[in-house]
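Fold and geometry: a report
If you want the building blocks of each chain, they are given just below.
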Amino acid sequence: MRAALEVEKLSVSYGGDPAVSVPHLALPAGTLAGVVGANGAGKSTLVNGLLGWSRGPARASGVVKLDGETLNGLPTYQRVQRGLVLVPEGLAVFGTMLVEENLRSTRPHGPEAERRAFSVDHVFALFPRLAERRANRAASLSGGERQMLAIGRALRLGPKVLLLDEPSIGLAPRLVLTLLLTIRKLADAGLSVLLVEQNVRAAMEVVDHLYLLERGRIIADGPIGAMRDDPRIVEAYLGSTKA
Ligand code: ATP
């Protein structure tokens, strides 16, 4: 199957040993893959590294391809314009703007992205709760609603590949699965999604393929059916119930 996103020998370091070192990762088009791991495993460093961005003075090397096109050397904003769009951890919304303004002011770059971009109505159909709150300031939204808005803004940019950094963080448990099932719907409709999650149990409910990241290395990966029984997942994340 065609890879929407392909990574070869990605290494990101903050000065010392690499915080992330990934020899190979391929996301087939129209699928949802999860990268799971504990606090500090390197999940954010990985997705930020794909965009050529970091919170500190990171050095990255390796090859990142989006839909066959090599992104190396491109600054972050150009990677986003080409369709690699990240919803970062920490809710990227404009607090002082209304919900609807947040969405309308986020526009795709160029005709190709425009074809892929979600309309504001499409975002509201995906997240009916946002439609109800369209005239509210983003700062007044709950954590879950802000997360929906951040994803909505990303969809307005016309992503080829959507990267989500811990969308479940800070959400009430009953909202986590609802949100992840909506993300599943996006993949079922043809979007390619890489979901970074600390909530392993919830991520496993929706992904096609799972990568387990530990200390910056992928120590196990495979189709979700096989990974459910992987002892490293069961022991570290699912406990004895294996639910
Ligand atoms: P979390 O779930 O807490 O966000 P994570 O899996 O996303 O964790 P990262 O934030 O990518 O992990 O961190 C991976 C490693 O890189 C950690 O050891 C962390 O301390 C280190 N690190 C992250 N950002 C920086 C930075 N700006 N400068 C130096 N080291 C950093």
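Residues numbered from 1 in each chain as written. Predicted model: local features only at pLDDT ≥ 70, side-chain atom pairs only at ≥ 80, totals over all residues. Heavy atoms only, no water.

**A word on the overall build of the protein**
- Each helix and strand in the protein was counted, giving eleven helices and ten strands.
- Here the C-alpha radius of gyration of the protein, 17 Å, is about what a compact globule of 243 residues would show, namely 18 Å.
- Referenced to the eigenvectors of the C-alpha coordinate spread, the extents of the protein come out at roughly 45 × 45 × 35 Å.
- Among the 243 residues that make up the protein, the fraction classed as buried is 48%.
- With the model as given, the accessible surface of the protein reaches about 11,100 Å², and the carbon-plus-sulfur share is 52%.
- Placing the 29 positive and 24 negative side-chain charges of the protein at their respective mean positions leaves the two points 4 Å apart. (Helix = DSSP H or I, 4+ residues; strand = E, 2+ residues; numbered from the N terminus. Rg over C-alpha atoms; globule rule 2.2 N^0.38 Å. Buried < 20%, exposed > 50% of the residue type's maximum accessible area, 1.4 Å probe, protein only. Areas by Shrake-Rupley, 256 points an atom, 1.4 Å probe, with all protein chains shown as cover. Lys, Arg positive; Asp, Glu negative; His and termini not counted. Charge placed at Lys NZ, Arg CZ, Asp CG, Glu CD.)

**Quick word on the packing of helix H7 (residues 143-156) against helix H8 (residues 173-188)**
- Viewed as axis vectors pointing N to C, H7 and H8 meet at an angle of 15°, and their least axial separation amounts to 11 Å. Put simply, H7 runs roughly parallel to H8. Seen along the crossing, H7 lies across H8 with a hand that is right-handed. Contacts between H7 and H8 pair Gly144, Gln147, Met148, Ile151 and Leu155 from the former with Leu175, Leu179, Ile183 and Leu186 from the latter.
- Its residues assigned to classes, the contact of H7 with H8 comprises seven nonpolar, two polar and no charged. (Axes fitted to C-alpha atoms, helices over the stretch in contact; angles between N-to-C directions. Parallel < 35°, antiparallel > 145°, perpendicular 65-115°, else oblique. Left-handed = near helix turned anticlockwise from the far one by under 90°. Contact = heavy atoms within 4.5 Å. Nonpolar A, V, L, I, M, F, W, Y, C, P; charged D, E, K, R; others polar.)

**A short note on the sheet that holds strand S5 (residues 69-70)**
- Within the open sheet, the four strands sit side by side as S2-S1-S4-S5. Their pairing is antiparallel. Each edge of the open sheet is held by one strand with a lone partner, namely strand S2 (18-28) and S5.
- The pairing of strand S4 (residues 59-66) with S5 spans two bridges and is classified as antiparallel. Looking across to S5, one finds that Lys65 is bridged to Thr70.
- Docked against the sheet, helix H1 (residues 43-50) engages strand S1 (3-13), S2 and S4, running at close to 115° with respect to S1. (Pairing = 2+ DSSP bridges.)

**Concerning the environment of Tyr14**
- Among the structural elements, Tyr14 can be located in the loop between S1 and S2.
- Take Tyr14: its relative accessible area is 38%, and that puts it in the partly exposed class.
- Along the chain, Tyr14 and Asp208 lie 194 residues apart, while their C-alpha atoms are 31 Å from each other.
- Residues within four places of Tyr14 in sequence aside, it is in contact with Ala19, Thr45, Pro57 and Ala58.
- Of note is the side chain of Tyr14, whose polar atom sits 2.8 Å from the side chain of Thr45. (Polar contact = N/O pair within 3.5 Å; in protein donor to acceptor, adjacent residues only side chain to side chain.)

**Structural notes on H1**
- With eight of its eight residues buried, H1 lies for the most part within the structure.
- Those residues of H1 not exposed but buried are Lys43, Ser44, Thr45, Leu46, Val47, Asn48, Gly49 and Leu50.
- Among the residues trailing H1, Gly52 stands out with phi positive, at a value near 70°.

**Some words on the site of the ligand**
- The environment of the ligand is made up of 15 residues, and the closest members are Asn39, Gly40, Lys43, Ser44 and Thr45.
- Here an oxygen atom of the ligand sits 3.1 Å away from a polar atom, N or O, in the main chain of Ala41.
- Lys43 has a polar side-chain atom sitting 2.8 Å from an oxygen atom of the ligand.
- The element contributing the most residues to the shell around the ligand is H1, with three residues. (Near = heavy atom within 4 Å.)

**Some points on unusual backbone geometry**
- Residue Asp67 is not a glycine yet carries a positive backbone phi of 55°.
- You can see Asp67 is positioned in the loop between S4 and S5.
- A positive phi is found at Glu166, a non-glycine position, where the angle reads about 50°.
- Structurally, the position occupied by Glu166 is in the loop between strand S7 (161-165) and H8.

**What to know about the sheet that holds strand S6 (residues 84-87)**
- The strand order across the open sheet built from six strands is S6-S7-S8-S3-S9-S10, with neighbouring strands paired in mixed fashion. The open sheet is flanked by S6 and strand S10 (217-223), the only strands paired with a single partner. The sheet shows a mean angle of 15° between the axes of neighbouring strands, taken without regard to direction.
- Two elements, strand S3 (residues 32-36) and strand S8 (residues 192-197), share five bridges in a ladder whose sense is parallel. When the sheet's bridge partners are listed, Leu32 is paired in S8 with Val193.
- Sitting on the sheet, H8 is in contact with S3, S7 and S8, with an inclination near 155° to S8.

By themselves, these observations are geometric and do not establish any function.
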